[in-house]
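A structural walkthrough
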Amino acid sequence: MAFRKAREAKIGGKFLAYGYEGSGKSWFALTFPKVACIDSETGIAHYEGKDITLANGKTYKVTGIAANAFKGNKKMTSVLIGGNVKKIGRSAFENCKNLTKVTVNGSKLQTISKNAFKGDKKLKNISLKKVKSLKKVEKAAFKGVSKKVTVKVPKNKKKAYSKLLAKGGIAAGKVRS
C-alpha cells in the first residue's frame, strides 16, 4: 500500500491512502486520525511508521509514497518515513517550500525516484542512517535543495551511498556518517 494524494473529502477527514485489499480484488480508502494524518492540501503530515489495521481486522504495510503525493505542499516542515517504505515516488515531495528535515526510520528503502525532493530549497537535514539497502537514487532527486544540506548515512555505506546520492544532486562532501 502506498500513500496517495488526497482526492476526495469526507466529513471528518480525507482519503489519505487507497489501494487494494490483500486479495487484490476490492478497493479500500482510509483515514487515520491516530496512526497517520497526511493531507496534501492542508499540509498536515504525520506518520508513525506502523502497519495500519482496519476495523475489519486486515493489516496493511505502508511500502511506498506515491508519485506527486505531496508535491507543492507549503505547510509541511518535516517528514518521518516509516520502516516498511521501499520507494519514494517521482516528485513525491517536489517543491515543498518549507520542508527542512527528512528522516527515514527504517532499513528497507531501496529507491528515491526522479525529482522526489526537487526544489525543496529549505531542506537541510536528511537522515538515511538506518537505511541498509538503498540501490537507486534517480536523476535530480535532490536538485535545488539547500546548499547547506547534509545527508547522514551508515558508516559502512558512506562510499556507495555518496556515489548514488551524487546522481540525485547531492555533492559527496555533503554526505556524512
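Description of the structure in this document.

So, how was this worked out
Residues numbered from 1 in each chain as written. Predicted model: local features only at pLDDT ≥ 70, side-chain atom pairs only at ≥ 80, totals over all residues. Heavy atoms only, no water. Buried < 20%, exposed > 50% of the residue type's maximum accessible area, 1.4 Å probe, protein only. Helix = DSSP H or I, 4+ residues; strand = E, 2+ residues; numbered from the N terminus. Contact = heavy atoms within 4.5 Å. Pairing = 2+ DSSP bridges. Phe/Tyr/Trp six-rings, centres within 6.5 Å; stacked < 30°, edge-to-face > 60°.

Notes on helix H1 (residues 158-168)
For H1, the complete set of buried residues consists of Tyr161, Ser162, Leu164, Leu165 and Gly168. In this fold, the buried residues of H1 make contact with strand S16 (136-137), strand S17 (150-152) and strand S18 (175-176). One or two positions beyond H1, positive phi appears at glycine 169, with a value near 110 degrees.

Description of the sheet that holds strand S15 (residues 125-127)
Spatial strand order, S11-S13-S15-S17-S18: five strands in an open sheet with parallel pairing. The strands lining the two open edges of the sheet, one partner per strand, are strand S11 (78-81) and S18. Sheet topology note: the S15/S17 ladder contains three bridges and is parallel. From the neighbouring strand, serine 127 faces S17, where its bridge partner is lysine 152.

Side note on the packing of aromatic side chains
Scanning the entire structure with this criterion turns up three aromatic pairs. For the ring pair phenylalanine 70 and phenylalanine 93, a centre distance of 5.3 Å and an interplane angle of 15 degrees mean the geometry is stacked. Here phenylalanine 93 lies in the loop between strand S12 (87-88) and strand S13 (101-104) and phenylalanine 70 lies in the loop between strand S10 (64-65) and S11, a separation of 23 residues in the sequence. Phenylalanine 70 gets classed as buried once you look at its relative accessible area, which sits at 5%. When its relative accessible area of 1% is taken as the criterion, phenylalanine 93 is described as buried. Here the aromatic rings of phenylalanine 93 and phenylalanine 117 are separated by 5.2 Å at their centres, their planes lie at 5 degrees, and the arrangement is stacked. Separated by 24 residues along the polypeptide, phenylalanine 93 in the loop between S12 and S13 and phenylalanine 117 in the loop between strand S14 (111-112) and S15 bring together distant segments of the chain. The class for phenylalanine 117 is buried, based on a relative accessible area of 1%. Aromatic ring contacts, followed pair by pair, group Phe70, Phe93, Phe117 and Phe142 into a single cluster.

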